[in-house]
Amino acid sequence: MLKGSLRKLLNALLLMIAVLVLNFTLIHIAPGDPVEALVGEMGGATPELIAELRSRFGLDQPLYVQLGTYLGRIAQGDFGHSLYYDQPVTALIAERIGPTILLVTTALFSAIALGTVLGVFSAQRRRSVLSHLVTVISLAGFSAPVFWVGIMLILLLSVSVPLLPISGMSSADSAASGLFYILDVLHHLVLPALTLALIYLAFYSRLSRASMLEVLGSDYIRTARAKGLPKRMVIYKHALRNAILPVVTFAGLQFGQVISGAVLVETVFAWPGLGTLAFESILRRDTPTLLGILFFSAVMVVVMNLVTDVVYRRVDPRIKAR
Amino acid sequence: MTGKKLLSVRNLEITFRTEGEDIPVVRDLSFDLDHGDTLGIVGESGCGKSITALSLLGLVPSPPGRISKGQILFEGEDLVQAGERRLNQVRGNDISMVFQEPMTSLNPVYTIGEQIAETARVHFGLSPAKAWARAVEMLDLVGIPSPDTRAHDFPHQLSGGMRQRVMIAIALVCEPKLLIADEPTTALDVTVQAQVFDLFQELKQKIGAAIILITHDIGVVAQMTNRVMVMYAGRKIEEGPVAEFIRDPRHPYTRGLVSCIPRLRLPPDDHPAPLFEIPGVVPSPWELNRPGCAFAPRCARAMARCRTENPVLAPLGDGRAAACWLETEAAA
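Under the annotation held in an unreviewed UniProt entry, chain B carries the name ABC transporter ATP-binding protein and is attributed to Seohaeicola zhoushanensis. Checking UniProt for chain B, the heading Sequence similarities (unreviewed entry) contains the comment "Belongs to the ABC transporter superfamily." Of chain B, the UniProt comment under Subcellular location (unreviewed entry) reads exactly: "Cell inner membrane".

For chain A, the name recorded in an unreviewed UniProt entry is ABC transporter permease, with Seohaeicola zhoushanensis as its organism. Taken directly from UniProt, the Sequence similarities (unreviewed entry) text for chain A runs: "Belongs to the binding-protein-dependent transport system permease family." Of chain A, the UniProt comment under Subcellular location (unreviewed entry) reads exactly: "Cell membrane".

Next up, the structure:
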């Protein structure tokens, strides 16, 4: 058990190093460098200044030297400075991670809860209106691009019926504090969270419906019925506990991918999270920030995989034995 | 006791809806069972024996299946008319069932103790502690060693034979009046099969429940039951006490079945003959809408009448009956 855990940690560590090297190489292979972007924003500069900037950022060194320097700094916990914000990357990420986690957890958890309920109900009544509705919604949710859904929701709930704010996380003019600030943030949260949740909802209602259908057809459900257990016990005790297993797996995996999931939604709604930051850093060739975010999201994936593993062991006794 | 039969199935018909048509898979089936009696139901795969068993518990998968005609009188009460609530009181309590597949019939995420105990909690209203104690007691009864620790095991930690013992414990925890065992040993190794049947024999004495044993193995029926009923293509074709049935099967199909049993000891002067097999295959339910005996196409002794008229079940005395025109004509 301990040996297994140790091996898992070691694997994770090796994986992280691989991710660092790969990210770094990929970004530097891509055309354009931060100095060009910077010079572009400055409206041009002399060749001397460009050369000086290059040497200040270490960009005149060969790639492997740059990589070595980068890895060395990471080992000391230094993720570098943002070229655009002139702030340590770690500080930037720390500042932006809160909004992203708020957005993603709200969307993901409401989608999992509602999606599971919908899936469970529609699996029980395969021919009902609700069941067909779930199929249609999940198909639409799967097929529609997230930014389009976001824009449509804006048109519907902000433009046609001006209920919700279009962008940002708080009202620019308000100096609200305490409870009013929280309410203001929640008000801003509704649209992006709804957009993201609709996508997840499509996925989870479909997943739990399929999983529940499979479980309901299994022999042990027939046993449970033959024992004379009331229907709610058959469904919620015997079937759901088994049907929830794939939901747990995917929830863990998707939570690990918070940032990639949120980039589009955050961009559409100008939500000040990591997704927006990542998007901006790409446009600005802010390599240290981008690398920091990529590394951070890789860490999230690895950590969430480990967490999923632990949770899974708790839900499914068969895993423990191995 | 009121003198009523424990179970009396009357003219049962079960249909499955396929491509907009109701296809009968069990037709005009009637049989009785007394308290403490043991009945074997024998037949090939697809003859309707398992679905008959499920119908007794109101568990015919619906849709597409349903009981379209007939009555299932359990102590005089028609279970076909009973609602789901009433059926849940009967299931696992008055009538319980052991299934064919011990590997998949237990829920993988609950301990075996819990799976036995919950039945006792639901039907007897036992407290969790008492129900657990009862579960341990049942595990002991079905011959699981160190039952108080094994009760905490999950199904995947047990072998197939042990799992089937657990299924039997679940079936017996509420001391049912009728136990249905649907091919309880088909999925098990031969040596384990023998152990499970020994357990059935032993428990039969202890619990006094009536047993319906469904199997395709006539040897098992001979060993385990008093009476036997043979089904072919959804109908009962022969019925009678086991000893007479084995000694002198009447229906050509049953004769075929009995001659399919391999014999280990031959008379000294006898040459070992190849094992008999019945030619052809069981007709599918779709083919059964034509008139005549369903077995006629495979029957070596089929007459013209067999292809036009379905034979009626004719009593042969000593509680025996067979549905074959040969018997009817011999009696006439």
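What am I meant to see in the confidence of the model for chain A here?
In low-pLDDT segments, the atomic positions of the prediction should not be examined closely. Per-chain confidence: chain A averages 84 in pLDDT, with 96% of residues scoring 70 or above. No element of chain A has a lower mean pLDDT than helix 2 (residues 34-42) of chain A, at 75, and none a higher one than helix 9 (residues 219-226) of chain A, at 92.

Even after reading the chapter, I still don't get the interface of chain A and chain B, so can you show me in this structure?
Each side of the interface is counted separately: chain A has 22 residues, and chain B has 29 residues. Buried surface at the junction of chain A and chain B, summed over both partners, amounts to about 2200 Å²; 56% is from carbon and sulfur atoms. Sorting the residues of chain A by area buried against chain B places Arg 222, Arg 225 and Lys 227 of chain A first, and these three jointly supply 26% of that buried surface. A salt bridge links Glu 118 of chain B to Lys 237 of chain A, with the nearest nitrogen and oxygen atoms 2.8 Å apart. Put simply, chain A and chain B have 14 residue pairs in polar contact (both at pLDDT 80 or more) between them. Sorting the residues of the side of chain A that touches chain B by element identifies helix 9, helix 10 (231-256) and helix 14 (317-320) of chain A as the ones contributing at least two each.

How should I be thinking about the domain arrangement of chain A in this particular structure?
Interfaces are frequently sized by the accessible area removed from exposure as the parts join. Residues and elements named next belong to chain A. Parsing chain A into structural domains produces domain 1 (19-75) and domain 2 (97-320). The C-alpha centroid of domain 2 is placed 37 Å from the C-alpha centroid of domain 1. Each side of the interface is counted separately: domain 1 has 13 residues, and domain 2 has eight residues. Buried surface at the junction of domain 1 and domain 2, summed over both partners, amounts to about 900 Å²; 75% is from carbon and sulfur atoms. On the domain 1 side of the interface with domain 2, the three residues burying the most area are Asn 23, Ile 27 and Pro 34, jointly 41% of the side's total. One can count zero salt bridges joining domain 1 with domain 2. Remark: the boundary between domain 1 and domain 2 carries zero residue pairs in polar contact (both at pLDDT 80 or more). Contributions of two or more residues to the side of domain 1 that touches domain 2 are made by helix 1 (2-29) and helix 2. In terms of residue count, the dominant contributor to the side of domain 1 that touches domain 2 is helix 1 (six residues).

It is not clear to me how the packing of aromatic side chains should be interpreted in this structure. Could you clarify?
All names here are of chain A. Applying the stated criterion across every chain, the model contains ten aromatic pairs over all chains. With centroids separated by 5.1 Å and ring planes inclined at 25°, the aromatic side chains of Phe 24 and Tyr 70 adopt a geometry described as stacked. Here Tyr 70 lies in helix 4 (residues 63-75) and Phe 24 lies in helix 1, a separation of 46 residues in the sequence. Tyr 70 matches Phe 24 in its accessibility class, with the two residues each being buried. Residues Phe 79 and Phe 295 carry aromatic rings whose centres are separated by 5.4 Å and whose planes lie at 40° to one another, so their mutual orientation is tilted. Taken as a pair, Phe 79 in the loop between helix 4 and helix 5 (89-124) and Phe 295 in helix 13 (residues 287-315) lie far apart in primary sequence, 216 residues in all. Relative accessible area serves as the criterion here: at 18%, Phe 79 is assigned to the buried category.

Can you walk me through the nonpolar core in this structure?
Soluble globular proteins: nonpolar side chains tend toward being buried together. Among the nonpolar cores identified, the biggest contains 75 residues, and Leu 7, Ile 116, Val 166, Ile 168, Leu 178, Ile 180 and Ile 212 of chain B are the most heavily contacted of them. If you tally residues by element for this core, the top one is helix 6 (residues 160-172) of chain B, at seven residues. When sequence neighbours within four positions are dropped, the list of residues in contact with Ile 212 of chain B reads Leu 7, Phe 31, Leu 33, Leu 39, Ile 41, Leu 56, Leu 178, Leu 179, Ile 180 and Ala 181 of chain B. Grouped together as the second largest cluster of nonpolar side chains are 36 residues, Val 134, Phe 203, Ala 262 and Val 265 of chain A included.

Just checking my understanding: could you explain the sheet that holds strand 6 (residues 95-98) of chain B for this structure?
Where strands meet in a sheet, backbone hydrogen bonds hold them as pairs that are either parallel or antiparallel. Residue and element names in this part refer to chain B. Strand order in the open sheet formed by eight strands is 6-7-8-3-9-10-12-11, and the pairing between neighbours is mixed. Either end of the sheet is taken by a strand with one partner, and the two such strands are strand 6 and strand 11 (314-317). Looking at each pair of strands side by side, their axes are set apart by 20° on average, direction ignored. Pairing analysis gives six bridges linking strand 9 (residues 227-232) to strand 10 (residues 235-241), with the strands arranged antiparallel. Residue Val 230 lies in a different strand from strand 10, and its bridge partner there is Glu 238. Where helix 1 (residues 49-56) meets the sheet, it contacts strand 3 (38-42), strand 6, strand 7 (178-182), strand 8 (210-215) and strand 9, and its direction lies at approximately 150° from that of strand 8.

Calculation notes
- Residues numbered from 1 in each chain as written.
- Chains lettered and ligands numbered in written order.
- Predicted model: local features only at pLDDT ≥ 70, side-chain atom pairs only at ≥ 80, totals over all residues.
- Heavy atoms only, no water.
- UniProt positions renumbered as here; feature names shortened; annotations may be inferred.
- pLDDT = per-residue confidence, 0-100.
- Helix = DSSP H or I, 4+ residues; strand = E, 2+ residues; numbered from the N terminus.
- Contact = heavy atoms within 4.5 Å.
- Buried area = accessible area lost by both parts, 1.4 Å probe.
- Salt bridge = Lys/Arg side-chain N within 4 Å of Asp/Glu carboxyl O.
- Polar contact = N/O pair within 3.5 Å; in protein donor to acceptor, adjacent residues only side chain to side chain.
- Domains from an automatic or database assignment.
- Phe/Tyr/Trp six-rings, centres within 6.5 Å; stacked < 30°, edge-to-face > 60°.
- Buried < 20%, exposed > 50% of the residue type's maximum accessible area, 1.4 Å probe, protein only.
- Core = buried A, V, L, I, M, F, W, Y, C linked by side-chain atoms within 4.5 Å.
- Pairing = 2+ DSSP bridges.
- Axes fitted to C-alpha atoms, helices over the stretch in contact; angles between N-to-C directions.

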